[in-house]
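Inside the fold
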Amino acid sequence: MGSNQQAQLPRRIIKESQRLLSEPAPGIKAVPNEDNLRYFSVEIDGPGSSPYEGGKFRLELFLPEDYPMAAPKVRFLTKIYHPNIDKLGRICLDILKDKWSPALQIRTVLLSIQALLSAPNPDDPLAENVAKHWKENEAEAVREARAWTMRWAR
Amino acid sequence: MEDDSDYEDSYVASDVEDYPTSEDGDYGYDPQTEPEISMRRAAYTVLSEEELKLRQQEALQQVMQVLSISEGEAVRVLRHCKWDVNRVNEEWFADTEALRDKIGLVDEQPTGSGRRKESCGICFDEFWVSEMHAAPCNHSFCRGCWKGYVHTAISGGPAVLSLRCPLPDCSAAVPAALVTAVSDPKHREKYHLYSLRSFVEDNQRLEWCPAPGCENAVEALHEVSNEAMDVTCRCGSSFCFNCKEEAHRPVDCETVKKWIIKNSAESENLNWILANTKPCPKCKRPIEKNQGCMHMSCSQCKHEFCWLCLASWQEHGERTGGFYNCNKYESAKKRGDYDAESLKREHARVSLQRYMHYYQRWAENDRARSQALSSKAEANDKKLEVLSEFVATPTSQLKFILDAWAQVVECRRILKWTYAYGYYRFGDNIPDEDTAQKQQQGFFEFNQGQAEMFLEKLNGVVEKDLDNLVEEFKREPGLSEVAPDGSVFVDQASSPERQAVWSKFREQLIGLTEVTRMHFVKLVQELEKGLDQLLAFYSEQPEAEAEAEVEPAAVSTAEASGSATPAQQATAKAPKRSKRSRISSRAAADKASNSAAAFSLQEADSELEAEAGYWQCRRCTVINRDLNSQSCSMCAQNRRGPISAS
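Here, residues in each chain are numbered from 1, in the same order as that chain's written sequence. Each chain takes a letter, starting from A, and each ligand takes a number, starting from 1, following the order in which they are written. With the structure being a predicted model, the display of local features is reserved for residues of pLDDT at least 70 and the display and counting of side-chain atom pairs for 80 or more, all residues being used for whole-chain, interface and lining totals. Calculated side-chain values reflect all of the structure's heavy atoms, with hydrogen atoms and water omitted.

**Notes on the UniProt feature "active site" (unreviewed entry) in chain A**
What counts here: UniProt positions are given in the numbering used here, feature names are shortened, and annotations may be inferred rather than shown by experiment. Strands here are runs of E lasting at least two residues and helices are runs of H or I lasting at least four, both read from the DSSP assignment and numbered beginning at the N terminus. In this analysis, two residues are considered to be in contact whenever any of their non-hydrogen atoms come within 4.5 Å of each other.
Residues given the UniProt feature "active site" (unreviewed entry) here are C92 of chain A. Along the polypeptide, C92 of chain A turns up in the loop between β4 (73–76) and α3 (106–118). Every residue in contact with C92 of chain A, bar those within four places of it in the chain, is listed here: N84, K97, L116, D124 and L126 of chain A together with C293 of chain B.

Right, here's the structure in full:
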């Protein structure tokens, strides 16, 4: 099945997959699934000097049929305490929605997610209670995020 | 747009001061007069799709010439300025760079040599540069990827008209020429459609005709306000330019909107929409938030706003006290804002009965209007022809029957909306001490009842009486029998007896049509002027110079607060008081010893009649043209005296 699919896979996806493997972005691993080359298992290292430092966050990334005209679908699999990521792992990021452009790539998307971990944006919240916590007592929220990282992202 | 003469096809509804329009018609009813009852000047023109395209092209050419820019750029600028050429000039010359920047107009970048290969940033394949395409920013992508990009955007809706270069952070506008060059015919057509729709929908002076299948648009020939404005499209459908509902004057748009929502048969659907969607604060399209954060961005107009407080996202955040300022439910609940919920429910139960009263009457008139419409069509299709033979009159001279039906249709529409008006205008329980309200309600219901009574009469005559007459004619067929030699030997149709019967009927119907029209004109005027102002007007002017357009205002409050529902009461009373309303008003006024109406009604009557150029018999309703005559030419009823038995 794998080879059959590979034949239908747009060249762009093949090239992107190859580059992700040959020149991975620092702190980001993305490996296509053997049975479905549109499905990637992703691991992002928590960025330094963020409450996620030291954690390894697993994500899933799926390239829909009309990719790259439509954005990839990305979701956190590892639990994470972050104002822009809800308990189902969904991410509030503009380039995954209306700011998507076909000139963006898997690599740019993952780098943006990594940047989101460095700079949470509680003014544009997805997980409301987390955002509230962040706004009311940032130090405590950061401690909580660190605790979650230790507990779930090891 | 200052020069109305440009628009030969303009419809200008006449001011009410022009009524009645015809003095030269045989029966005082000018069939040219639309049965439209509208008082405010509404100047507009109907444009077909072709005409719209021409208009759009005109605007583009004008902007291209004045600003010396390309057509693609002109489209962007005009769209940004809502297709208002004056605004384009203002904004462009105020700060050209800022405007160009805002809408993504960039100076053409030099293209390198086409004789080299470059990798397409989307599919990663290599192409000759000469085979690639780019917006003026010169970020090249291959034709296939452009096609995919453009098609995806076109499928995404009208926002494609603001399409930008695919390169992230490049805001260059993609010119229409590029869009059409790379797309297939199906998508291209859709793109052109969006463009035309933008011309109409973004333009404050243009509105589509909402009738199904109609592709015309209506252009207002003056500054548009937020007030109701009835217009009639070339397709025959009437609608309100402001709210796009069916024509509903004299009732305002807000009332109509509330009423329609309230009546929606799909109230469950509506509840769902209310519960699960919010209108985009900018374009008002309902938005369902099915996932994601509170930072919303409308898929249609791209407006960004906060889902909770609906304010623009740009004004959001730290400056306004942060996101949690929007989260007011808890504090609102603490304040007791929601404790009223149960009270509200109780209130709803109480008012349901009142609502049903108005709703049933609204719905009945709505139904009657549809029936009248089909009766009119039926009359036009066959009845007139049959009749024409029975009375030896060409169908062209039977048009007054269609006019009568048209009047019924229009009056049903107005009457229907007066019930919505009545529902909202007067509360559930007017306290007894609020005599002003009571008086206004009584006044309104009396006039509504009067108008309704004449309408019922007219409806009866043009429907039942006419049918009976036709049946009668059928029994003694008037159809001329033609002998083989061609000679006609029976001509019942032109017999003097039948002609007399027919002529009487005709005069009655024409008169009744006119009288009914006048009653509705008055009703509309009263509602548009505002009842309180009218009543105030009369209480300030006991000697009322009785402006012809207003009715003396006085109905005893005792009458209006009877046990029967007010409208029923008005209707039920109407036949007994089949005098002209101002005369019955006098009786009521006397009873109430209300000084407000203590002026000479007879004088007011005469003035009204003089202005109208006729007086109407109170018994048989015929129109008498001789203003000096004191008795009806039809039934000899005394002009001012009590109604004698027939």
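Okay, back to it.
**Looking at the sheet that holds strand β1 (residues 28–32) of chain A**
Residues and elements named next belong to chain A. For clarity, the threshold we go by: Strands are treated as partners if at least two bridges between them are detected by DSSP. For helices, the axis comes from a line fit to the C-alpha atoms of the stretch in contact; other axes are also lines fit to C-alpha atoms, and the angle between any two N-to-C directions lies between 0 and 180 degrees.
With antiparallel pairing, four strands are arranged side by side in an open sheet as β1-β2-β3-β4. The open sheet has two edge strands, β1 and β4, and neither has a second partner. Adjacent strand axes in the sheet meet at a mean angle of 20 degrees when their direction is disregarded. The pairing of strand β2 (residues 39–45) with strand β3 (residues 56–62) spans seven bridges and is antiparallel. Across the sheet, residue S41 finds its bridge partner in β3, namely E60. On top of the sheet, α3 reaches β1, β2, β3 and β4; it is set at about 35 degrees to β2, its chief contact.

**Brief notes about the interface of chain B and chain A**
Which entries qualify depends on this criterion: When two parts are brought into contact, each loses some accessible area as probed by a 1.4 Å sphere; the total of that loss over both is the buried area. Take a side-chain nitrogen of Lys or Arg and a carboxyl oxygen of Asp or Glu: if they are within 4 Å of each other, that pair is a salt bridge. Nitrogen and oxygen atoms within 3.5 Å of one another constitute a polar contact, given that in protein one can donate a hydrogen and the other can accept it, and given that sequence-neighbouring residues count only through two side-chain atoms. Residues are grouped as follows: Ala, Val, Leu, Ile, Met, Phe, Trp, Tyr, Cys and Pro are nonpolar; Asp, Glu, Lys and Arg are charged; all remaining types, including Gly, are polar.
Listed per partner, the contact involves 27 residues of chain B and 25 residues of chain A. Together chain B and chain A conceal approximately 2100 Å² of surface at their shared face, both sides included; 58% is due to carbon and sulfur atoms. In this structure, the connection of chain B to chain A is made through three salt bridges. A salt bridge links K15 of chain A to D125 of chain B; the shortest N-O distance between them is 3.9 Å. For the pair chain B and chain A, the interface holds six residue pairs in polar contact (both at pLDDT 80 or more). For the side of chain B that touches chain A, a count of residues per class yields 14 nonpolar, nine polar and four charged.

**A few points about unusual backbone geometry**
What counts is decided by this rule: Throughout, exposure labels follow a simple rule: accessible area from a 1.4 Å probe, protein chains only, divided by the maximum for the residue type, with under 20% read as buried, over 50% as exposed, and the rest as partly exposed.
At the junction of Y67 of chain A and P68 of chain A, the peptide bond is cis and its omega measures out at 10 degrees in the coordinates. With a phi close to 60 degrees, W83 of chain B is a non-glycine residue in the positive phi region. With respect to the helices and strands, the residue W83 of chain B is situated in the loop between α2 (71–80) and α3 (85–94). In this model, K302 of chain B sits at a positive phi of 70 degrees, which is unusual for a non-glycine residue. If you trace the backbone, K302 of chain B turns up in the loop between β11 (295–297) and β12 (304–306). Given the relative accessible area of 43%, K302 of chain B is considered partly exposed.

**Considerations on the pattern of salt bridges**
Following the criterion strictly, the structure yields 30 salt bridges over all chains and no others. The salt bridge involving R90 of chain A is made with D86 of chain A; its shortest N-O contact spans 2.8 Å. Residue classification places R90 of chain A among the partly exposed positions, given a relative accessible area of 34%. The salt bridge involving E410 of chain B is made with R413 of chain B; its shortest N-O contact spans 3.0 Å. Highlighted residues: E410 of chain B and R413 of chain B, both in helix α12 (residues 399–425), separated by three residues, approximately one helical turn.

**Things to note about the packing of aromatic side chains**
Counted only if it meets this: Any Phe, Tyr or Trp ring, taking Trp's six-membered ring, that has another such ring centre within 6.5 Å forms a pair; planes under 30 degrees apart are called stacked, those over 60 apart edge-to-face, and the others tilted. Any Lys NZ or Arg CZ found within 6 Å of a ring centre and within 35 degrees of that ring's normal is scored as a charge over the ring.
Counted under the stated rule, the structure contains 21 aromatic pairs over all chains. Their ring planes at 40 degrees and their centres at 6.0 Å tell us that Y67 of chain A and W100 of chain A sit as a pair that is tilted. Taken as a pair, Y67 of chain A in the loop between β3 and β4 and W100 of chain A in the loop between β4 and α3 lie far apart in primary sequence, 33 residues in all. Grouping residues by exposure puts Y67 of chain A and W100 of chain A together as buried. Following the ring pairs from residue to residue traces out a cluster consisting of W259, Y358, Y359, W362, W417, Y419, Y423 and Y424 of chain B. Directly above the ring of F124 of chain B sits R19 of chain A, whose terminal nitrogen or CZ lies 4.9 Å from the centroid. Across from the ring centre of W152 of chain A, 5.4 Å away, lies the NZ or CZ of K79 of chain A, which sits over that ring.

**Brief notes about the pairing of strand β6 (residues 217–220) of chain B**
Residue and element names in this part refer to chain B. Taking every second residue as pointing to the same face, both faces of β6 are buried, with A217 and E219 on one and V218 and A220 on the other. Bridging between strand β5 (residues 206–208) and β6 involves three bridges; their strand directions are antiparallel. Each bridged residue has a counterpart across the sheet, and for L206 the counterpart in β6 is E219.

**A word on the nonpolar core**
Let me state the cut-off plainly: Take the buried residues of types Ala, Val, Leu, Ile, Met, Phe, Trp, Tyr and Cys, join any two whose side-chain atoms come within 4.5 Å, and each joined set is a nonpolar core.
Counting 58 residues, the largest nonpolar core has W259, I401, W502, L509 and F520 of chain B as its most contacted members. Among the secondary structure elements, those contributing two or more residues to this core are α8 (253–263), α11 (340–390), α12, α13 (435–475) and α14 (496–529) of chain B. For this core, the element with the most residues is α12 of chain B, which contributes 15 residues. By size, the runner-up hydrophobic cluster in this structure holds 41 residues, among which are I44, V74, V109 and V142 of chain A.

**Quick notes on the environment of W128 of chain B**
Inspection of the secondary structure assignment puts W128 of chain B in strand β4 (residues 126–128). Taking the C-alpha atoms as reference points, W128 of chain B and R115 of chain B, separated by 13 residues in sequence, lie 6.5 Å from one another.

**Brief notes about the pairing of strand β2 (residues 43–47) of chain B**
All names here are of chain B. Among the five residues in β2, five count as buried, and that is most of the element. In β2, alternate side chains face the same way, and those of A43, T45 and L47 on one face and Y44 and V46 on the other are all buried. Sheet topology note: the β2/β6 ladder contains four bridges and is antiparallel. Residue pairing in the sheet places T45 in a bridge with E219 of β6.

**Considering the confidence of the model for chain B**
Residues and elements named next belong to chain B. So the rule is basically this: Each residue carries a pLDDT value, the predictor's own confidence for that position, ranging from 0 to 100.
In the predicted model, chain B carries a mean pLDDT of 74, and 68% of its residues have values of at least 70. Throughout residues 1–40 the model reports pLDDT below 50, and contacts reaching past four residues in sequence, or to other chains, amount to 88 contacts. Overall, residues 328–332 carries pLDDT values under 50, and its contacts beyond four positions in sequence, including any with other chains, amount to three contacts. Across the whole predicted complex the pTM is 0.61, and at the interface the ipTM reaches 0.84.

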